[in-house]
Amino acid sequence: LIIVGEGGVAYSTMAASCGYRIPTYLRIALVLTATLIYNIESGESATCDSALGMKSKGISDSQISASSYANTDTEAKYARLERDYGGGGWTSGSDDTDEWLAIELGDRYEVTKVATQGRDSQTEWVTSYTLMYSDNGDDWAYYVEDGLIREFTGNTDSGTVVTQTLADPIIAYYIRFNPLTWNQAASMRVEIYGCSYDAYTATFDGSAYIVYDTSNPPVETTEDSISFRFKTNRPDGVLLYGIGSQGDYMALQLIDGSIELNVNLGTSDDVDGTTSAVYGSLLDDNHWHTVSYNRSFKSYKISVDDIIYTSETSGEFLRLDIDTMLTFGGTSMFGDDGLSVDSNFIGCMEAFMFNGEDIIKSAQTSLNLFSVEGSLSYTCQGEVVVPITFPDYDSYMEVILDDSDGSDTFDVSFYFKSYDDSGLMLYHTLDPKGYIAIALSGGELSITISTATSTTAEISSGSDLNDGNWHSLALYIEEDAATLTLDGDTDEINRVIEITTGDTYQIGGGIDSETGFLGCMEYISVAGQTIDLMDVLKDDVDYGSVEIYNGATIDSCGVVDRCEPNPCEHEGVCSQSWSDFSCDCSSTGYEADLLCHSSWYMPSCQGYLENNQTSTMTYYVDPDLSGDAEPFIVKCEFDFTTNIATTIVQHDAMTLSDDISGSYSFPLTYSGSVDVDDIGILVDRSTSCSMYIEYDCVGATLLNSPGGDPYAWWISRQGFDMINWGGAAPGSDMCLCGVYGNCTDTSKWCNCDGTNDGTDSGYLTDKDSLPVKEILILDSGDSNTASFLVGELVCQGDSLYDNEATFASTRSSLWFNSLHGEKSIDIMFSFKTRSDSGVFIENQGSDNDFIKVELESSNTVVFTYNTGDYMHTVASSSEGSDLNDNDWHTVIVIRNILQAKLVLDGTEYTDTDSQSSTSYLLELEYPLVVGADSDDENGFVGVLRGMVANGEIIELYSMAEGDGGYMVTAGDNGRCDSDPCMNGATCLEYYSTFVCDCDNTAFIGDYCSEEVGAVMDEDSYILYTIPTDDRSIDSVEEVTIGFYTAYKQGILMSVANSDSTEYLIISINTEGGIDVEMEYGDDDPIIRTYDGDYTDIDDTFHVLYFKRDMTDITLQVDNYIPLTENLASDMVAYKMDDAATITVGKESATSTETGFSGCISRVKYNNYFPVKSEVYFESDDSTSNNIDGDTCGQVAATIAPYLTEPYSGHWPNETDTGYTGQQAGEDVDGNVIAGVVAVFILVLIFLLVFLVRYFARHKGSYHTHEEDGATEADDADTSILKAEEQTPHVLPQVEKGKEYFI
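Worth saying up front: this structure is predicted, and the values here are computed from it rather than measured.

K.L.:
Sorry, what's going on with the overall build of the protein here?
P.N.:
Of regular secondary structure, the protein possesses 10 helices and 91 strands. Put simply, the protein has 1302 residues, and 50% of those count as buried. Once local pairs closer than 6 in sequence are excluded, the contacts in the protein between residues at least 24 apart make up 68%. With an accessible surface of roughly 58900 Å², the protein has 46% of that area assigned to carbon and sulfur atoms.

K.L.:
Help me understand the sheet that holds strand E63 (residues 860-866), please; the structure alone is not making it clear to me.
P.N.:
The antiparallel open sheet is built from 6 strands, whose spatial order is E59-E68-E61-E62-E63-E64. Edge strands, defined here as strands with exactly one partner in the open sheet, are strand E59 (814-816) and strand E64 (871-877). Put simply, the sheet's adjacent strands are angled 20° from each other on average, direction ignored. Here E63 runs beside E64; their pairing, made up of 7 bridges, is antiparallel. Directly across from Asn866, in E64, lies its bridge partner Met871.

K.L.:
How should I be thinking about the pairing of strand E77 (residues 1036-1044) in this particular structure?
P.N.:
On any regular strand, side chains alternate: one points to one face of the sheet, the next to the other face. The element E77 is largely enclosed, with a buried count of 7 among its 9 residues. Relative to strand E82 (residues 1102-1109), E77 runs antiparallel, the two sharing 8 bridges. What sits directly across from Gly1042, in E82, is Val1103. Taken together, the 5 bridges between E77 and strand E87 (residues 1158-1165) define a ladder with antiparallel strand orientation. Paired with Tyr1044 across the strands is Cys1159, a residue of E87.

K.L.:
So what exactly am I meant to see when it comes to the side chain of Gln606 here?
P.N.:
Turning to its location among the elements, Gln606 is positioned in helix H4 (residues 605-610). Of note is the side chain of Gln606, whose polar atom sits 3.0 Å from the backbone oxygen of Asn643. Aside from chain neighbours lying at most four places away, what touches Gln606 is Asn643, Ile644, Ala645, Gly797, Asp798 and Tyr801.

K.L.:
Could you clarify how one ought to interpret the sheet that holds strand E29 (residues 370-373) in this entry?
P.N.:
The strands that make up a sheet pair up through hydrogen bonds in the backbone, lying either parallel or antiparallel. On the basis of which strands lie adjacent, the open sheet formed by 7 strands has the order E21-E20-E19-E18-E26-E15-E29 and antiparallel pairing. Among the strands making up the open sheet, the edge pair consists of strand E21 (274-279) and E29. Sheet twist, expressed as the average angle between the axes of neighbouring strands with direction ignored, equals 15°.

K.L.:
Looking at this structure, how should I read helix H5 (residues 676-685)?
P.N.:
Side chains three or four residues apart in an α-helix point the same way, a direct result of the helix having 3.6 residues per turn. Burial analysis of H5 places 7 of its 10 residues in the buried class, the great majority of the element. Here H5 has its buried residues at Val676, Asp678, Ile679, Gly680, Leu682, Val683 and Arg685. Those residues of H5 that are buried are in contact with strand E48 (632-639), strand E49 (644-649), strand E51 (688-698), strand E57 (793-796) and strand E70 (952-953). For H5, the N-terminal capping position is held by Asp675, with its side-chain oxygen 2.7 Å away from the main-chain nitrogen of Asp677.

K.L.:
Help me understand the state of the cysteines in this model?
P.N.:
When the sulfur atoms of two cysteines share a covalent bond, that bond is a disulfide. Enumeration over the complete set of coordinates arrives at 15 disulfides. Across a sulfur-sulfur distance of 1.9 Å, Cys605 and Cys636 are joined as a disulfide pair. Of note, the bridge from Cys605 to Cys636 carries an S-S torsion of about -80° and is left-handed in sense. Residue Cys605 is located in helix H4, and its partner Cys636 is located in strand E48; the two are separated by 31 residues in the primary sequence. The disulfide partner of Cys1159 is Cys1192, and the S-S distance across this bridge is 2.0 Å. Note on the Cys1159 and Cys1192 pair: the S-S dihedral is about -85°, so by sign convention the disulfide is left-handed. Residue Cys1159 is located in strand E87, and its partner Cys1192 is located in the loop between strand E89 (1188-1190) and helix H9 (1228-1255); the two are separated by 33 residues in the primary sequence.

K.L.:
I would appreciate a short explanation of the packing of aromatic side chains in the present structure.
P.N.:
Each pair of aromatic rings is reported with the distance of its centres and the angle of its planes. One pass over the structure, following the stated rule, counts 42 aromatic pairs. On the numbers, 5.8 Å between centres and 80° between planes, the contact of Tyr695 with Trp725 is edge-to-face. Here the residue Tyr695 occupies a position in strand E51, and Trp725 occupies one in the loop between strand E53 (721-722) and helix H6 (736-740), the gap between them amounting to 30 residues. Its relative accessible area of 1% is what places Tyr695 among the buried residues. Residue Trp725 is classed as buried on the basis of its relative accessible area, which comes to 1%. Ring geometry for Tyr1094 versus Tyr1120: centroids 6.1 Å apart, planes at 50°, classification tilted. One end of the pair, Tyr1094, is in the loop between strand E81 (1086-1090) and E82; the other, Tyr1120, is in the loop between strand E83 (1112-1117) and strand E84 (1123-1126), with 26 residues separating them in the sequence. Given the relative accessible area of 5%, Tyr1094 is considered buried. What links up through ring pairs into an aromatic cluster is the set Phe204, Tyr212, Phe228, Phe230, Phe328, Phe345, Phe352, Phe354 and Phe370.

K.L.:
I keep staring at the nonpolar core and nothing clicks. Help me out?
P.N.:
Nonpolar side chains in soluble globular proteins tend to end up buried together. Counting 57 residues, the largest nonpolar core has Tyr670, Tyr695, Leu702, Val772, Ile775, Val790 and Leu793 as its most contacted members. If you tally residues by element for this core, the top one is E51, at 5 residues. With sequence-adjacent residues up to four places away left out, Tyr695 is seen in contact with Ala700, Thr701, Leu702, Ala712, Trp725, Cys752, Gly758, Thr759, Asp760, Ile777, Ala786 and Ser787. Of all hydrophobic cores here, the second largest spans 44 residues; its members include Val386, Met397, Phe517 and Tyr543.

K.L.:
So what exactly am I meant to see when it comes to the environment of Asp826 here?
P.N.:
Along the polypeptide, Asp826 turns up in strand E60 (residues 824-832). Its relative accessible area of 6% is what places Asp826 among the buried residues. A C-alpha to C-alpha distance of 8.1 Å links Asp826 and Val948, two positions 122 residues apart in sequence. Once residues within four sequence positions are removed from consideration, Asp826 is found in contact with His597, Ser598, Ser626, Val893, Ile894, Val948, Ala949 and Asn950. Within polar-contact distance, the side chain of Asp826 engages the side chain of Ser626 at 2.5 Å.

K.L.:
I tried to follow the pattern of salt bridges on my own but got confused; where do I start?
P.N.:
Side chains that differ in sign of charge can pair as their charged atoms come close. Following the criterion strictly, the structure yields 23 salt bridges and no others. Between Asp798 and Arg685 there is a salt bridge, with its nearest N and O atoms 2.8 Å apart. Of this pair, Asp798 sits in the loop between E57 and strand E58 (804-807) while Arg685 sits in helix H5, and the two are 113 residues apart along the sequence. Classification of Asp798 as buried rests on a relative accessible area of 2%.

K.L.:
Would you mind going over the environment of Asp224 with me for this structure?
P.N.:
Its place among the elements puts Asp224 in strand E17 (residues 223-231). By relative accessible area, which is 4% here, Asp224 ends up buried. In the structure, Asp224 is positioned 73 residues away from Phe297 in sequence and 8.8 Å away in space, judged by C-alpha atoms. Not counting the four nearest positions on each side in its chain, Asp224 is found in contact with Tyr293, Asn294, Arg295, Leu320 and Asn355. A distance of 2.8 Å separates the side chain of Asp224 from the side chain of Arg295, its partner in a polar contact. A distance of 3.1 Å separates polar atoms of two side chains, one belonging to Asp224 and the other to Asn355.

K.L.:
Any chance you could explain the environment of Glu842 here in plain terms?
P.N.:
The residue Glu842 is located in strand E61 (residues 838-845) in this model. On the basis of relative accessible area, Glu842 is assigned to the buried category, the value being 7%. Once the C-alpha coordinates of Glu842 and Ser934 are considered, the two residues, 92 residues apart in sequence, prove to be 6.3 Å apart. In contact with Glu842, other than residues within four places in its own chain, are Phe850, Ile851, Lys852, Pro927, Leu928, Val929, Ala932, Asp933 and Ser934. Within the local environment of Glu842, its side chain forms a polar contact with the backbone nitrogen of Ser934, the two atoms lying 2.6 Å apart.

Conventions we followed
- Residues numbered from 1 in each chain as written.
- Predicted model: local features only at pLDDT ≥ 70, side-chain atom pairs only at ≥ 80, totals over all residues.
- Heavy atoms only, no water.
- Helix = DSSP H or I, 4+ residues; strand = E, 2+ residues; numbered from the N terminus.
- Buried < 20%, exposed > 50% of the residue type's maximum accessible area, 1.4 Å probe, protein only.
- Contact = heavy atoms within 4.5 Å.
- Areas by Shrake-Rupley, 256 points an atom, 1.4 Å probe, with all protein chains shown as cover.
- Pairing = 2+ DSSP bridges.
- Axes fitted to C-alpha atoms, helices over the stretch in contact; angles between N-to-C directions.
- Polar contact = N/O pair within 3.5 Å; in protein donor to acceptor, adjacent residues only side chain to side chain.
- Disulfide = S-S within 2.5 Å.
- Phe/Tyr/Trp six-rings, centres within 6.5 Å; stacked < 30°, edge-to-face > 60°.
- Core = buried A, V, L, I, M, F, W, Y, C linked by side-chain atoms within 4.5 Å.
- Salt bridge = Lys/Arg side-chain N within 4 Å of Asp/Glu carboxyl O.

What follows is the structure, given as structure tokens:
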């Protein structure tokens, strides 16, 4: 039955009297269709964003007010969005930051958005502001997001409408805009958006509460859903309580202004089921707060003012059993299990829902099972309490009373709250001299009484009074005693105190020599006179004068708990003052200056190797860096040859256990008690992992193979029973000997499964199962024993550092889902490049938010971000060393609400101006672009690797491998990989291109393939003088010479020291062969000949190679067989001492030696190139005679040109990024409407097809093979069950006609 009515759509299951059971998919379709019809016909919208009347004048002029206005043309009534009434907007009457614009909505509304403009046709607008709200217009609360007062970004001109969406909607009667910064003047036009709000409400006076009788039927739930709103100025009180006869209970209560949840689903003998936790803070501020609690079995989620906390209940039970009663707003069972307070709730509650039941509505309408203990008022009649805030050390309020001086008694009282441990709260000057001062000092109350007789009395009381909670104080002094009441506890000090009071009381400070109080006060009374702060605000004081100074504000309390929710991550300890907070990260393994967010450690041993931090053997690693996994200790081994690191994790089962008889369980405890799931992150990224495991048996059975139930096994990290032993695959039921078929009992698969004693051991290598979590051994008999050993976890490599992509163009990029780091974000990556600039990453968001990291120059990396209204820049410098050296450099950027930091190769650079922005949330929305900016321009050319953002790996390799971007390839793929440079030249990688460095060759040209030679005759020579600083003692000489000649005699090259006592001469002999003559030290000259005739009249080019390595020589021409010889018997001195000159051709113009005639090139002696030096460079180190440059007939080699693909643009889609965010200018409402219509049409088509199929269904008979009893079943499910009762594990076989679904 589907019911469509005033309340919506409901579905009820009816008895199958017609004999046809409606399929689930049809029931869902019918309900969906009915819901769509209902919503369309009723005109309901899921949105709550209607304009509430500023622009339309639905809000009257009298409902708009302001703290002041500049003139009659800029009164508050002109602050209407997109209207040019009056002077075109509201303008405040002063430049103070305590000015405001307030709007009375006329009823309670749920406010979801606000919009602002500047003053029409003027250069005046508000650039940032805060919001406040109130139910009565007297006491106001700031709009807070994530525990902090949100500062909204305003306008940048006078005409553009800027809309701000509230993450947590406001429910209020009044809304107030508080300008913080502005251009020229604080001028605004505004609109407010939302929808009406209505809820059942009740006022609880501390004695009345609602009773829900749960005795019949009882509450027996595995899932609970509770939500309500409340406001109170009392810190303690019961909100909900229920207890069952079996000991189950649930309690929600206020304690010290926070919500305490106590729940017990059942306690066993072994496990305590008590769950207790505290959430939220400062909830006793007399403003509305929203609480919700949702439990599913053991998991629960609780939300306080839209701050969500998740956890699990303790114990083994899943169901809450309350079979007596539940009470709301109070109880009479104080002292029972689960209750921590002894008072009922005092204040207002509304919209109290318990598992779908509106509790207040049910009580008001006297619904069955509900009753009221005491008397409730079904409206909110809460007390109006107006506080005063002292936001600065020099803020104070001065009270001067008429006719109050001259008294011999002193009487003051007030409530106060603060997070600062010191500050003057009240100062009173006595007559004729002396004073009374009440202050906080180190979190204690300090009272100083200095009288006219110079007698000073000091009184101290209390502790931790700067905890942010309200504290009450009353001090009464008379002639012989002082009575102090602090938080209800009274102390009396008996001593003579003679005073005469004056008429002036300075509250919150006001004394130049004293630091003022930072915090809030309320219920202030001096000399018996209550200070009505609303009268002070309205300047309606008839008992003297009251003035406020230096920013003190009446009607709101500005104390904010900056530590709730805890901004310190990884269980860092938060402490705060009025304006700031700090994190104690000393025991977390994360950085203190950055909210304990960024890890101190590398993700693996491979990370330490890649970052050249290899000085020790023991390290901490943090596999997911800033993620949830905790750091743990490991051993590292580094192989510098293969550049592979080994990570070793140890535990407490690495030595052979004692002999075990009987059943035994041993959970492994890894170093530092690290969770195996955290180790699993490291394992999953490793190239390979292994653990040695051994089982020694004396009569004990291991796997009971083949086919039997095991007597011993190990547990994987996922908690699975693993029935395999070392050396065998998972699920094989084998040990290593079973794999090779060499067990001692060949019919078994393990040595310990046979009749003999033995050992089974080997390595577990399946990464998906490692590390071992537990060893389990069952009893094999009284006389049988076993022992075991599990080796350390050994893992090699880390795929994070193989996660590389090469970007070959300034328009290359990869697109990923948007980053999420509103409060904190960290990104780590490494790069190498030859370029001197390029964008590494950019991610844009709404309201001008963005984050960008780029190489700005060859030695500077810049981290830039914007949180809505201010661009921050953190720049680093490599201080003289180039970052475009094609070596790896590591960048870490971190940004949070306190600070931004850039770390370049281990050196930190910090944004010192990070808190100048009025918006602290970084709201990113569009795709993360890696390798270029968001326009696919100004890109980085080079290789990026190991990119991690907030603990999540950015999959560069797999995205590039899947054709994810223009001219992006997976891995480190440079243009030099194809060895385009010839003749031993060095290839300089530029990724989009390459450059061949020919300096260490005898060649020139793009590919170092062009010959540099010289045509010479017998009188020609080239003399190269080795610079003095470069000369050395060489035991190795290497020579290459290319030549052609028609003459059978001539010196090709000679090398000599400065006095020619040591030399090397290579020449063509008279037979056309090659002679090599050597003389070193006192040795006689040694001559070796390479036979052959290498002189040709057809200019055949030959290449000669000679090498001497100490006494070993090699001489070869072209590809002929080389001459090799060891000259140890002839050569004692085998070092050339300070080779000074290299001569090509005859030794000099006056030499009688025959020079070389022909063409010579490629001349190399060690790292010197004399022909190239003279012919190409015309170096000052060389001279020549009668030579002409030539290529010696050699044609330079080339390579095929590199083909590039045309750029076709890149815009994200779900295929390559998974991005589903809204693009600029996208019509969201239109898309929603179109989507609803499309779904509706599809549902109608589905119903039509189903009905056609149903009425045209085949009505003939069919044959089944059913088991006995199945035919009597009521439905198909029961039929199968009855059949299984007859024949276990065999399903009935049914012949069915074919069914076709569209």
